[in-house]
Amino acid sequence: MFVGIQFTGPVAAGASHTWFTHDWSPDWHVIWTVVPLTPVAGAPQLDWSVAVQRAGASAITYWITIHNLTSAAIDVEARYEVLD
Amino acid sequence: MSAADGVVVGTTKLVDHGPDSARWTLVLLAEGYQQAELAKFHTDADAFVTRLFSTPPYTELWCALNIYRVDIASNGSGADDPAACADGAVGTGTMVSTFFDSTFCVAGTRRLLAGDEHLADTTAKAAVPEVDATVVIVNAAEYGGAGGLVAWTSTNAAAGEIAVHELGHSAFALGDEYGDTLNTYAGAEPNQPNLTIDTSRATTRWAGLIRATTALPTMDNPDCTTEDSRPSPVPAGTIGLFAGGNRYHCGLYHAEYRCRMRALGNPFCAVCAGTIKATLRTHLPMASGPVRGVQFTGTLAPRQTHQWFTHDWPACWHVIWTVSTTTPVTPGPGIDWHVRVERANRETITYWIEVTNLTSTSLDVEARYAIAARE
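Residues numbered from 1 in each chain as written. Chains lettered and ligands numbered in written order. Predicted model: local features only at pLDDT ≥ 70, side-chain atom pairs only at ≥ 80, totals over all residues.

Engineer: What am I meant to see in the overall build of chain A here?
Structural biologist: From N to C terminus, chain A includes 0 helices and 6 strands. Ordered by position from N to C terminus, the α and β elements of chain A give β-β-β-β-β-β. Once the C-alpha set of chain A is aligned to its principal axes, its extents read approximately 40 × 25 × 15 Å. Across the 84 residues of chain A, 25% fall into the buried class. Counting only contacts in chain A whose residues sit at least 6 apart along the sequence, the fraction spanning at least 24 positions is 73%. (Helix = DSSP H or I, 4+ residues; strand = E, 2+ residues; numbered from the N terminus. Buried ≥ 20, exposed ≤ 12 C-beta atoms within 10 Å, placed from the backbone. Contact = placed C-beta atoms within 7 Å.)

Engineer: How should I be thinking about the packing of helix H1 (residues 38-53) of chain B against helix H3 (residues 159-172) of chain B in this particular structure?
Structural biologist: Two quantities define a packed helix pair, namely the angle between the helix axes and the distance between the axes. All names here are of chain B. Their axes nearest at 9 Å, the elements H1 and H3 cross at an angle of 65°. Regarding H1 and H3, the two cross each other, and that crossing is right-handed. Judged by residue contacts, Ala47, Phe48, Arg51 and Leu52 of H1 engage Gly160, Ala163 and Val164 from H3. By residue class, the composition of the contact of H1 with H3 is 5 nonpolar, 1 polar and 1 charged. (Axes fitted to C-alpha atoms, helices over the stretch in contact; angles between N-to-C directions. Left-handed = near helix turned anticlockwise from the far one by under 90°. Nonpolar A, V, L, I, M, F, W, Y, C, P; charged D, E, K, R; others polar.)

Engineer: Please explain the sheet that holds strand E1 (residues 6-15) of chain B as it appears in this structure.
Structural biologist: Strands belonging to one sheet form pairs held by backbone hydrogen bonds; the direction of such a pair is parallel or antiparallel. Residue and element names in this part refer to chain B. If you walk across this open sheet you meet the 6 strands as E1-E3-E2-E4-E6-E5, and the pairing is mixed. Sheet topology places E1 and strand E5 (145-147) at the edges, where each strand pairs with a single neighbour. Adjacent strand axes in the sheet meet at a mean angle of 20°, parallel and antiparallel pairs treated alike. Pairing between strand E2 (residues 24-31) and strand E3 (residues 65-74): 6 bridges, direction parallel. Note that in E3 the partner of tryptophan 24 across the bridge is leucine 65. Contacts between H1 and the sheet are confined to E1, E2, E3 and strand E4 (133-138), with E3 contributing the most and set at about 155° to the helix. (Pairing = 2+ DSSP bridges.)

Engineer: Just to check I follow, could you spell out the sheet that holds strand E10 (residues 287-300) of chain B for this structure?
Structural biologist: Residue and element names in this part refer to chain B. The 3 strands are arranged E10-E15-E12 in an open sheet whose pairing can be described as antiparallel. Where the open sheet ends on each side, the last strands, each with one partner, are E10 and strand E12 (318-325). Between one strand axis and the next, the sheet turns by 20° as a mean value, whatever way the strands run. Both E10 and strand E15 (residues 363-373) contribute to a ladder of 10 bridges, which runs antiparallel. By the bridge assignment for E15, threonine 297 is matched with glutamate 366.

Engineer: Whenever I open this one, the pairing of strand E4 (residues 46-56) of chain A confuses me. Can you help?
Structural biologist: Within a regular beta strand, the side chains point alternately toward one face of the sheet and then the other, so they alternate between its two faces. Residue and element names in this part refer to chain A. Summarising the sheet, E4 and strand E5 (residues 59-68) pair through 10 bridges and their orientation is antiparallel. Across the sheet, valine 50 pairs through a bridge with isoleucine 64, a residue of E5. Hairpin connection, E4 to E5: the antiparallel pair is bridged by 2 residues.

Engineer: Would you mind showing me how to read the domain arrangement of chain B here?
Structural biologist: Where interface size is given, it is often the accessible area lost as the parts come together that is meant. Annotation of chain B at the domain level lists domain 1 (3-172), domain 2 (174-262) and domain 3 (287-373). Each of domain 1 of chain B and domain 2 of chain B was reduced to a C-alpha centroid, and the two centroids are 29 Å apart. (Domains from an automatic or database assignment.)

Set out below in structure tokens:
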């Protein structure tokens, strides 16, 4: 198993933003998680969903959509956890 | 005026992301604080930590860092401030007895503030053996700082910016990207990764970041006896070759018109940020475990949606959530769930887990966590 940070970036207030990351091995069991980098206490700040594209025999592209649930811009960090 | 002019009081870990041997460990030393002023040092140190967290690329690599505060009580308060400095600036003439014997007007430049670097280095190592970098916070309100073996900053209103800039020198070997007192550099390629003498598109240090359409040099200084104050000829963020570095007006080039290593208040340019990232990235938490468990259980009425929250999870842990029903359901799906995330503060996360019962019968559910990385 190994883990890491794939990308960071801003999401505007109330907005959704989709990032993609390509050429992941289909043999890897990859889980995506997202956390805010901007502290704001009291309520959930984001949720996310992952869509998957089999780009080729040996490549997967993950499309990660992050939704800012708050009324202020936040920075986010997308993390991967590869369970192999 | 030396270590005899004060005493090391104690060490406190301010940011703890795991063992020092695995993290990039930063030590903050007190200088020029008397015993009764150490509470002020605590405030100043906390302010620096907050500032560092809000400064890219440290923000995204925060989990790579551990930070300590070392309380040192000096006999005197402040720093030496010579009345006359070679650059023509006038100081207060104050001379005080402090642990590291820090002074303004180092090398004849009043804004250069530093003290006994060797003593600072050995003091940090004695307090925190795994130290990677050290910042000395000097209890003096005058603008000043320096970056050598360790970084020095005053407590001026710009202290946070000063410290981050000087840390760029001392921890990552970044050079100043401005020219102020020297004319034309004629030496070899400098050691600093953000400066170069090489104007070849093919071989210059950050050649891979320069677009083919960007002119090289991108901005030369037409008068090497003075600082070039003209506006940038290219849009912000353009990477190229801009004259100025290591206090020379000409002969050395940096990568972008604006950068924190050129002038405070700017973000780090791509080359400087990349240099910092390359070091810190290797200190991020690695996979461990996973450690698995059940965080909570509950019962959902038919078609009910309920949201639970669980707080104070370390923000640097990689936590995976799943929810399962413990009540058999046949046929069809029994529940679905969504995870929402709140960064409650710099160091902790609250997870909000919403579970919906999709059936017409009551269901028991359990929320499970798997911690994929802790240290």
